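Residue strings, one per chain:
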Amino acid sequence: MRRRASRKRAKSDSKLAGAANIVRNLFLLSQVFQVFLCAVIGLLQFQGSDGSPGEARLREILFRQYNKLPIPVQNTSDVLEIVFDLYLSQLIDVDERNQVMTAKVWITHEWVDHRLQWEEDEYDGVSSIIVPTSLIWTPDIILYNNAYGPFDVRYASNATISSNGTVKWFVPSVYKSACQVDVKFYPFDEQRCVLKFGSWTYNGIVVDLIPPKNQDIIREFDIWGNSEWDVQLSPGKRSEKVYPCCPGAPYIDVTFTFVLQRKPLFYVAYLLLPCGLISFNTILVFYLPADCSEKMQLCTCILLSMAVFLLLISQQIPPNANNLPLIMKYLLFTKIIVTSSIVLTTLILNMRFRTPETHELSNWQRKLFLDVIPKYLKMRRPDAFDDRFNHSESSQIRKDSIKLLSTRVASMLAPMMVTEMEDELEARAERQGLLNQGSMGHSSMDPDVSVSSSSYTSIKDAVNDVVYITSQFAFTEETCKAKEEWKYCAMVLDRIFLIIYLCGVFIGTVIIIMEAPLATTFFYEQFWSSSNTTADDI
């Protein structure tokens, strides 16, 4: 068993040794390939230098004793002038919440280095050469208002040197700068973000930054375009400032301002338009009948919808204590409208379900809500209601009519009852032969009188029952009429608030949205310009 184990170990060790040899050979082969590749590149460069001997000789002479550390001025009292310019290549992003603008720009530097001058005739007519910036002196110009990331230019592009010593350094870069976002007219807003460049080491006594001349108009150099912003770049503005850390000499900076105008079509279609439609649904609350149980549910659903939109927008815009965004104003206005509609709907429902047992409609309320206001609102009750309920007839007249009815019924029944009693007594006297016995007939009349009296009592009770039923019917009619009057008052209030809210929502929407200067331009371009274009095409 031990021999077998030792054989297995020997086999595994041999396999590992073979794998290690293979890896070692591959590594040596890669090293040989790298050396060969470097030799080929060097040979190609050597052949290229042989193709332009004047330029090769110029490079050797220029950089033989060149020192890139000192500033390129002839006298220590001289000021090196650097022409600094910037072109916008692409606006990548504007983060409103973090207030950061990301932009890809092209930066140009131009200065004169007297140590890099030559005569073109002495070097086969070479007027300019391209050299790496690692070989020459370059200014340490950085972005002052950098948000995060590198402050300086990290891409080491080449520089172009002319025969008169002019150095032009053209370099691309991506900056993330701090931008103070003003959301007052969001989403019809215009932002102004700046890129402030200056030398970190050299003050204004040593280096002077100069923006290009003949740039009095706003330039548009947004090559790639942006789907959310219209970008304009203003000319660079030079300024001097003495910082507390370094008194005694000003520092020069050049500030470029980006004028960003938001394209509000997306926000109008996906935020403002749904909010407007939901706010106009508030008007339908006052169009629903007061008997409809969904009246309050509609108000609550609209309020919850506004809360959802408010939460959605609050996550997109930065918190700003100075200005309230335009769209937030509109949402708060809509929430106030919806909340007030809930309160008014509660009052209207309370008026609708009032009864004569709990409330009484006063004369001025009856005159105002039943006679005066409906005429101006073009409201008119059907003729069937006027035929059934005549509100000019008071309850006292109804009670007098009932009493008069009961008296007339009693007066009509009394003679009929007396006549019936006499006929009944005479018939009984003839049957019993008691006509000649007056006294006995008179005495036998008592039970019949009592019988007739009981009949009179029953008839009187029947009359009272009829009067009671009539009075109850009149009371029911009176109660029904009072309920209908309260219901009609609720309808009048619904119509009044319908008109008020229709005008209020429309006027408030127009005033709030048109508060932004760019809103008028946007709607003019969307509707008026498009209609004119369509008419021209036709």
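Cut-offs applied
Counting of residues starts from 1 at the beginning of each chain's written sequence and follows it residue by residue. Note on the predicted model: pLDDT of at least 70 is required for a residue's local features to be given, and 80 or more for side-chain atom pairs to be given and counted; whole-chain, interface and lining totals, by contrast, use all residues. Processing note: side-chain calculations cover all non-hydrogen atoms of the structure and skip hydrogens and water entirely. A side-chain nitrogen of Lys or Arg and a carboxyl oxygen of Asp or Glu constitute a salt bridge if their distance falls within 4 Å. Only DSSP runs of H or I covering at least 4 residues are called helices, and only runs of E covering at least 2 are called strands; the numbering of each starts at the N terminus. Each residue after the first adds 1.5 Å to the expected span of a helix. Categorising residues by exposure relies on relative accessible area from a 1.4 Å probe, with only protein chains included: less than 20% of the type maximum marks a residue as buried, more than 50% marks it as exposed, and the intermediate range marks it as partly exposed. Here the arc refers to the directions that run from the helix axis out to each C-beta atom. The criterion used for residue contact is that any of the two residues' heavy atoms lie within 4.5 Å.

> Where do I start with the pattern of salt bridges in this structure?
Two side chains of opposite charge can pair, provided their charged atoms sit close to one another. Evaluation of the coordinates by the stated rule reveals 12 salt bridges. Between R64 and E60 there is a salt bridge, with the nearest N and O atoms lying 3.8 Å from each other. Beyond isolated ion pairs, a larger network of salt bridges with shared partners links E96, D189, E228 and R262.

> Could you clarify how one ought to interpret helix α4 (residues 294–314) in this entry?
Three- or four-residue spacings in an α-helix give side chains the same orientation, since the helix completes a turn every 3.6 residues. Between its first and last C-alpha, α4 extends 30 Å over 21 residues, near the 30 Å set by a 1.5 Å rise per residue. All buried positions along α4 are accounted for by K295, C299, I302, M306, F309, L310 and I313. When α4 is viewed along its axis, its buried side chains cluster within an angular range of 105° and face the same direction. Opposite the buried face of α4, at more than 90 degrees from it, the exposed residues are L304, V308 and L311.

> Would you mind going over the environment of S279 with me for this structure?
Relative to the assigned elements, S279 resides in helix α3 (residues 265–285). S279 gets classed as buried once you look at its relative accessible area, which sits at 2%. The spacing of S279 and T509 is 230 residues in sequence and 9.5 Å in space, taken between C-alpha atoms.

> Help me out: how do you make sense of the environment of V254 in this one?
Within the element layout of this structure, V254 appears in strand β11 (residues 251–262). For V254, a relative accessible area of 0% corresponds to the buried category. The spatial distance from the C-alpha of V254 to the C-alpha of P235 is 9.6 Å, given a sequence separation of 19 residues. With near-sequence residues (within four places) excluded, V254 lies in contact with F84, L195, K196, F197, L209, P211, G236 and K237.

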